[in-house]
Amino acid sequence: MSTVEEYQPVFTGKARERLDDILSRYPTKQAALLPALWMVQEARGWISDRAMTEVAEVLGITPAYVKGVVTFYTMYHQHPVGRNFVQVCTTTPCNICGAEGVLQAFLDATGAREAGATSPDGNWTIIEVECLGACGFATPVLVNDDFIDGVTAEKVPDIVKRYR
Amino acid sequence: MGYPHKSHARETVVLSKHFGDADAKSFKGWVKRGGYEALKQAQAMDPPALIEEVKNSGLRGRGGAGFPTGLKWSFMPKEKKKAHYLCVNADESEPGTFKDREIMRWTPHALLEGTAIACHAIQAEVAYIYIRGEFTEPFQVMQTALTEASAAGVFGKTQIYLHRGAGAYICGEETALMNSIEGKRGNPRIKPPFPAAAGVFGLPTTINNVETLVAVPHILKNGAAWYKAMCLSNPKSTGTKLFSVCGNVQRPGNYELTMGFPLKDLVNDLAGGVKAGRTLKACIPGGSSVPILNREETESCLLDYEGCVEKGTMLGSGGVIVFDDTADMVYQIMRLARFYAHESCAQCTQCREGTAWTTKILERVLSGQGKMKDLDLLLDLSENMTGKTICVLSDSCAAPVVSGIRKFKSEFEAYITGKKRPAAA
């Protein structure tokens with residue numbers, strides 16, 4: 001017997017109402033695609049192929065089209081990530097202020113082996129991100145939805161403790 | 001003001017007056033500070049008169065291109081036959097730039113007010129404010145402000161919606177932003193047609209930067225002549241502009257200056273200069289997409305559209321990145337190239353291949369495997385990446401590479417000749 005879990009749709013009840021409200025803001029259904037994908041990611045943590053099919057059905061577009069959009073935007077996760085998702089800016093302005101040291105400190109403190117990899121306990125995924133738009137507050141780091149300014153390598157162990 | 005620092009005596013504080021003042025974020029607090037008065041004033045004006053006033057102020061787009069705002073608004077169809085839209089570009093992602101973030105964090109109602117005024121000017125019923133996905137806090141602040149102001153009914157029939165991006169630098173390009181709102185990949189479109197003829201959903205659209213729109217209420221309240229008088233150098237560049245200073249300076253932050261202010265004074269005086277014992281090596285005055293200035297050029301550059309062009313660079317978005325003598329220019333230019341390679345939408349060959357190969361060749365130079373002819377190869381590649389693509393992302397990658405090789409050639413040569421130890425890329 002197959003033990004494949006049955007897919008539970010995202011857009012039912014309150015979520016469906018929220019989507020209907022979003023749909024009312026645009027003259028086309030497709031324009032709700034980015035907001036709908038955000039809703040999926042908030043609910044499930046990532047966007048599976050099955051979820052893309054659901055979004056496609058709800059918005060009247062093809063699953064292939066949805067996949068094309070998901071793969072274009074870097075913030076949509078196409079695979080499950082750690083319980084805490086950390087984005088460290090390492091673009092030039094932060095780079096000259098020591099951002100690579102901050103990235104290394106996150107890897108060291110969480111046990112994630114390299115940027116992009118999830119720690120063995122499943123709690124942490126650390127990635128390098130291109131410009132977070134807070135260059136004067138180097139180094140900015142996004143931990144899940146929390147934007148933290150002025151992170152230095154020395155401050156990283158405390159931040160990691162807070163989210164453990 | 002240079003939030004998080006106190007306002008400097010040499011700043012001209014207009015847009016940034018309430019940065020750091022939490023009370024100004026609320027609807028009540030904003031109204032107490034004279035907020036939404038300009039909107040009432042605008043609603044009583046005929047759109048053409050409103051456009052004329054903004055034209056007379058000399059206000060130019062603060063997103064990077066510096067196109068005259070009133071003129072842009074005047075391109076919208078006079079006789080309204082279809083729905084009109086306003087798109088607000090809050091997809092701030094240009095390395096070195098963090099002004100729109102502070103505007104939204106501290107003065108969300110200023111943006112909403114400017115947005116509503118612009119909607120009246122171009123006769124748009126709907127405005128979409130496109131905020132980059134990573135700006136979680138500014139999004140929340142804007143959402144709260146929008147809910148409050150809408151409940152108070154200040155926008156009349158105008159509908160303002162927030163639209164969250166999802167991590168794509170290219171969506172700051174105006175036509176890519178429109179595609180993104182439509183639920184598509186953020187690929188820039190070929191122009192013409194221009195947005196005023198066929199923009200978002202194929203309908204007449206104007207797109208303005210956050211900082212441009214927050215200047216508009218001040219122009220209405222104080223008059224175009226007042227705005228135009230704020231000018232230290234070329235009369236074609238008027239008003240104030242927020243300059244985001246970052247990199248190797250002691251007091252990074254946003255500083256609001258009258259157009260034409262000397263770059264040297266911004267870096268050395270307001271931002272505190274480089275750390276003691278270090279010297280200034282280079283400066284990018286307008287965000288990572290503009291050519292790099294060396295020390296001499298930095299010391300003689302005036303911060304307005306024309307002053308930057310005179311030094312062979314551009315004012316761009318006003319993101320000032322400062323490099324001191326400890327910065328490895330080859331490594332940092334490679335890092336910029338890698339940024340553009342990562343952010344290329346991959347539509348045009350010159351950009352998709354060019355940004356990737358530029359990065360690879362720079363990595364080769366850094367690893368000690370480079371040859372002298374690689375520098376010519378990079379320049380040749382850059383030439384083929386400039387002015388040949390749908391949008392300017394490709395040109396933006398070439399700008400720091402070409403200026404970097406010209407001005408800091410010895411640093412590249414040191415890696416190639418083995419004088420400098422290879423660096424890990």
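All values reported here derive from a predicted model rather than from experimental measurement.

## Details of the overall build of chain B
Point 1. Within chain B, the secondary structure is distributed over 18 helices and 11 strands.
Point 2. For 425 residues, the compact-globule formula gives about 22 Å, and the C-alpha radius of gyration of chain B, at 22 Å, lands near that figure.
Point 3. Its C-alpha atoms give chain B principal-axis dimensions of about 70 × 45 × 35 Å.
Point 4. In chain B, which comprises 425 residues, the proportion classed as buried is 58%.

## Regarding the interface of chain B and chain A
Point 1. Taken together, the 46 residues of chain B in the interface contact 34 residues of chain A.
Point 2. Only α7 (136-151), β3 (159-164), α8 (174-181), β5 (240-247), β6 (253-258), β11 (319-324) and α14 (329-343) of chain B provide two or more residues apiece to the side of chain B that touches chain A.
Point 3. A class-by-class count of the residues in the side of chain B that touches chain A yields 17 nonpolar, 18 polar and 11 charged.

## Thoughts on the domain arrangement of chain A
Point 1. Along its sequence, chain A is carved into domain 1 (13-72) and domain 2 (84-163).
Point 2. Centre-to-centre, using C-alpha coordinates, domain 1 of chain A lies 29 Å away from domain 2 of chain A.

## Some words on the nonpolar core
Residue and element names in this part refer to chain B.
Point 1. C87 and L266 are the most contacted members of the largest nonpolar core, which has 182 residues in total.
Point 2. If one sorts the elements of this core by residue count, α14 sits on top with 10 residues.
Point 3. In this structure, L266 is in contact with F243, V245, Y255, L257, F261, A271, L303 and V320, ignoring residues within four places of it in sequence.

## What to know about the domain arrangement of chain B
One frequently used descriptor of interface size is the decrease in accessible area upon assembly of the parts.
All names here are of chain B.
Point 1. Here the domain parsing of chain B yields domain 1 (22-229), domain 2 (240-324) and domain 3 (329-417).
Point 2. Just the C-alpha atoms count here: the centres of domain 1 and domain 3 sit 34 Å apart.
Point 3. Contact residues are listed per partner, giving nine residues for domain 1 and seven residues for domain 3.
Point 4. Among the residues forming the side of domain 1 that touches domain 3, the class breakdown is six nonpolar, two polar and one charged.

## Things to note about the pairing of strand β1 (residues 85-90) of chain B
Residue and element names in this part refer to chain B.
Point 1. In terms of burial, β1 is a largely internal element, six of the six residues being buried.
Point 2. Of the two faces of β1, both are covered, the one formed by Y85, C87 and N89 as well as the one formed by L86, V88 and A90.
Point 3. With six bridges connecting them, β1 and strand β2 (residues 126-131) associate as parallel partners. Looking across to β2, one finds that C87 is bridged to Y128.
Point 4. With five bridges joining them, β1 and strand β4 (residues 205-209) adopt parallel strand pairing. What sits directly across from N89, in β4, is N209.

## Describing the packing of helix α6 (residues 108-122) of chain B against α7(B)
Residues and elements named next belong to chain B.
Point 1. Where α6 contacts α7, the two axes come as close as 9 Å, and the packing angle between them is 60°. The orientation of α6 with respect to α7, classified from their angle, is oblique. Where α6 crosses over α7, the two elements pack in a sense that is right-handed. Packed against α6, whose contacting residues are P108, H109 and L112, the element α7 presents V141, M142, A145, L146 and A149 at the interface.
Point 2. Class assignment for the residues of the contact of α6 with α7 results in seven nonpolar, one polar and no charged.

## Observations regarding the sheet that holds β3(B)
Residue and element names in this part refer to chain B.
Point 1. One open sheet accounts for four strands, arranged β3-β2-β1-β4; its pairing is parallel. Edge positions in the sheet fall to β3 and β4, since each has one partner strand and no second. Strand after strand, the sheet turns through a mean of 20° between neighbouring axes, direction not considered.
Point 2. Together, β1, β2, β3 and β4 form the strand contacts of α6, whose direction differs from that of β1 by roughly 150°.

Rules of the game
Residues numbered from 1 in each chain as written. Chains lettered and ligands numbered in written order. Predicted model: local features only at pLDDT ≥ 70, side-chain atom pairs only at ≥ 80, totals over all residues. Helix = DSSP H or I, 4+ residues; strand = E, 2+ residues; numbered from the N terminus. Rg over C-alpha atoms; globule rule 2.2 N^0.38 Å. Buried ≥ 20, exposed ≤ 12 C-beta atoms within 10 Å, placed from the backbone. Contact = placed C-beta atoms within 7 Å. Nonpolar A, V, L, I, M, F, W, Y, C, P; charged D, E, K, R; others polar. Domains from an automatic or database assignment. Core = buried A, V, L, I, M, F, W, Y, C linked by C-beta atoms within 7 Å. Pairing = 2+ DSSP bridges. Axes fitted to C-alpha atoms, helices over the stretch in contact; angles between N-to-C directions. Parallel < 35°, antiparallel > 145°, perpendicular 65-115°, else oblique. Left-handed = near helix turned anticlockwise from the far one by under 90°.

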